[in-house]
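So you can see what is in the structure, the chains are spelled out below.
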Amino acid sequence: HDVRRLDRLISDISDASRLDAELARADMDFVDLSSALRAVVEIARSVERGDRISIELTIKTSPHKPQENWRVYGHDSRLGQVFNNLIDNARSFSAPGSSVRVLLWPERAKGSGGQSIEGYEIIIDDDGPGIPADAFERIFERFYTDRPEQGFGQNSGLGLAISRQIVEAHGGRIRALNRTRQRPRGTDE
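The sections below set out a description of the structure shown in this document. (Residues numbered from 1 in each chain as written. Predicted model: local features only at pLDDT ≥ 70, side-chain atom pairs only at ≥ 80, totals over all residues. Heavy atoms only, no water.)

Quick word on helix α3 (residues 76-92)
Put simply, the test is: Starting at the N terminus, helices and strands are each numbered in turn, a helix being any DSSP run of H or I of at least four residues and a strand any DSSP run of E of at least two. How far a helix is expected to stretch is found by multiplying one less than its residue total by 1.5 Å. Each residue's exposure class comes from its accessible area (1.4 Å probe, protein chains only) as a fraction of the maximum for that residue type: buried when under 20%, exposed when over 50%, partly exposed otherwise.
With 17 residues, α3 should cover 24 Å at 1.5 Å per step; its first-to-last C-alpha distance of 24 Å lies within 8% of that length. Along α3, the residues classified as buried are Arg 78, Leu 79, Gly 80, Val 82, Phe 83, Asn 85, Leu 86, Ile 87, Ala 90 and Arg 91.

Below is the structure:
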């Protein structure tokens, strides 16, 4: 058990160390987010864990652009790693028989200078217990994990830190939110 935990930890640390150098190389290309999400969701659905958790994917086009171009410039394998990690994480906090919902839609954001930026939002939503109020940023710190029901060492605490590093290297942002009583279902509500 300890050897498996150390092996997982060393692999995750090694991956995090290589990440900066890999993302800095010029081997980026256009990535179709809808295709990448479809592939990751299909793989996640095919992995039988005995939890009966369904993974739903919704891709919403804009009424202004019904034939949305879902392309971003980036590393397809690293973006796929982020999607896989977030879906696995959502799945790990979900009750057996529940669902994890993945949503992709066009979205506008404000840039650092206040300018409007066209982009995409990907939401990965689960029915888990939520995040404690003091942990919204901590969950993105290296080695932080809060899984009291699991034994020590089951997770390296690097998955969300690596995901943030990849997303930010692509010019995006990643954050965690809990649902509110006004919007209990989550996703695009």
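There's more to say after this.
As for the nonpolar core
Applied cut-off: Among buried residues, the Ala, Val, Leu, Ile, Met, Phe, Trp, Tyr and Cys ones that are joined through side-chain atoms within 4.5 Å form a nonpolar core. Contacts: residue pairs with any heavy atoms within 4.5 Å of one another.
Core analysis: the largest hydrophobic core is formed by 30 residues, its most contacted members being Ile 55, Phe 83, Ile 87 and Ile 139. Of all the secondary structure elements, the ones that give two or more residues to this core are α2 (33-46), α3, β4 (99-110) and α4 (159-169). The residues contacting Phe 83, other than those within four sequence positions of it, are Leu 33, Ala 36, Leu 37, Val 40, Ile 122 and Ile 124.

Details of the pattern of salt bridges
Selection criterion: One speaks of a salt bridge when a side-chain nitrogen belonging to Lys or Arg is within 4 Å of a carboxyl oxygen belonging to Asp or Glu.
For the structure shown, the criterion picks out 10 salt bridges. In this structure, the salt-bridge partner of Asp 51 is Arg 91, at a minimum N-O distance of 3.0 Å. In this pair, Asp 51 is assigned in the loop between α2 and β2 (54-59) and Arg 91 in helix α3, connecting sequence segments 40 residues apart. Owing to a relative accessible area of 13%, Asp 51 belongs among the buried residues under this scheme. Judged by relative accessible area, Arg 91 falls into the buried class, the value being 5%. Counted as one network, the salt bridges with shared partners bring together Arg 101, Asp 125, Asp 127 and Arg 179.

Section: the sheet that holds β4
Cut-off, in case you're wondering: Two strands are counted as paired when DSSP detects at least two bridges linking them. To obtain an axis, a line is fitted to C-alpha atoms, over the contacting stretch when the element is a helix, and the angle between two such axes runs from 0 to 180 degrees between their N-to-C directions.
One open sheet holds the three strands; their spatial order is β2-β4-β5, and the pairing between them is mixed. Two strands in the sheet have a free side with no partner beyond their single neighbour: β2 and β5 (116-125). Adjacent strand axes in the sheet meet at a mean angle of 20°, parallel and antiparallel pairs treated alike. Direction of pairing for β4 relative to β5: antiparallel, over a ladder of 10 bridges. Among the inter-strand pairings, Val 102 is bridged to a residue of β5, identified as Ile 124. Relative to the sheet, α2 contacts β2, β4 and β5, its axis offset from that of β2 by approximately 165°. The strands touched by α3 are β2, β4 and β5; relative to β5, the strand with the most contacts, the crossing angle is about 40°.

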